[in-house]
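Per-entry structural report
Here is what each chain is made of, one letter per residue.
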Amino acid sequence: MNTKIKKIKMIISDVDGVWTDGTFYKGTDGQEFKKFNVNDGVGVAMARAANFRIALISGRYSAATEYRAEELKIKDVYNGGLNKIPAYEELKKKYNLLDNEIAYVGDDLIDISVMKKVGAPIAVSNAISNVKEIAIYTTKTAGGYGAFREAVSWIIDQQGRTKEVLKIMESKILSS
């Protein structure tokens, strides 16, 4: 068990490049489409079963991001601010958390400022090298292909809670 990871109570994630592969489609009417992976939704369920708070901080505004977050009942969504520190500080204050109680999953330059503050900076496999250098873990899975779920699984595993969380998830599935 990793004692540093043991303290994690919240997982914050970037969206484009982590929950998506960074691609988006824009129609002539301005409507935007993104491809999200169902495995990351399972990652949210796992995070909830482990009692982690979840937040998204995206540098670029997207209605598709808001819709996906709503669908997954993620209430803390900061959508469209290149400087992610104000959102990060607001979340820390809101939930009375310390830096070492937060994990952050990122992939690009605008994630570095937050990754340098948190207790568990995590990079996705398709992250730029500057992000991977800061990370204490780099997923094997690329953004848009279940990397968030892998990050959540890794944290739970490092906390020695995999069996406990799977049991909680199984009981929720059986009772639905």
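Read on for a plain summary of the structure. Values in this document were obtained by computation on a predicted structure and should not be read as measured data. (Residues numbered from 1 in each chain as written. Predicted model: local features only at pLDDT ≥ 70, side-chain atom pairs only at ≥ 80, totals over all residues. Heavy atoms only, no water.)

The geometry of an aromatic ring pair comes down to the distance between the two centres and the angle between the two planes. Under the definition given, this model contains 2 aromatic pairs. The interplanar angle of 35 degrees and the centroid separation of 4.7 Å between the aromatic rings of Trp19 and Phe148 together place this pair among those described as tilted. Of the two residues, Trp19 sits in the loop between strand E1 (10-13) and strand E2 (24-26) while Phe148 sits in helix H7 (residues 147-158), which places them 129 residues apart along the sequence. Summarising the aromatic geometry, the rings of Tyr137 and Trp154 are spaced 4.4 Å apart at their centres and angled 10 degrees between planes, so their arrangement reads as stacked. Within this pair, whereas Tyr137 is found in strand E8 (residues 137-138), its partner Trp154 is found in helix H7, the two being separated by 17 residues in sequence. (Phe/Tyr/Trp six-rings, centres within 6.5 Å; stacked < 30°, edge-to-face > 60°. Helix = DSSP H or I, 4+ residues; strand = E, 2+ residues; numbered from the N terminus.)

With respect to the helices, strands and loops of the structure, Asp40 is situated in helix H2 (residues 38-49). Of the side chains bearing the opposite charge, Arg68 lies closest to the buried Asp40, which forms no salt bridge; the N-O distance is 7.0 Å. Of the polar contacts made by the side chain of Asp40, one reaches the backbone nitrogen of Phe148; its length is 3.1 Å. Those residues in contact with Asp40 that lie beyond four places of it in its chain are Val18, Trp19, Gly146, Ala147, Phe148 and Arg149. (Buried < 20%, exposed > 50% of the residue type's maximum accessible area, 1.4 Å probe, protein only. Lys, Arg positive; Asp, Glu negative; His and termini not counted. Salt bridge = Lys/Arg side-chain N within 4 Å of Asp/Glu carboxyl O. Polar contact = N/O pair within 3.5 Å; in protein donor to acceptor, adjacent residues only side chain to side chain. Contact = heavy atoms within 4.5 Å.)

Relative to the assigned elements, Asp14 resides in the loop between E1 and E2. Relative accessible area serves as the criterion here: at 4%, Asp14 is assigned to the buried category. Sequence-distant contacts of Asp14, that is, excluding residues within four places in its chain, are made with Trp19, Ile57, Ser58, Gly59, Lys84, Tyr104, Val105, Gly106, Asp107 and Asp111.

With 12 residues, H2 should cover 16 Å at 1.5 Å per step; its first-to-last C-alpha distance of 17 Å lies within 8% of that length. Within H2 the residues assigned to the buried category are Asp40, Gly41, Gly43, Val44, Met46, Ala47 and Ala49. Just downstream of H2, Asn51 is the residue with a positive phi angle, here 65 degrees. (Expected span 1.5 Å × (residues − 1).)

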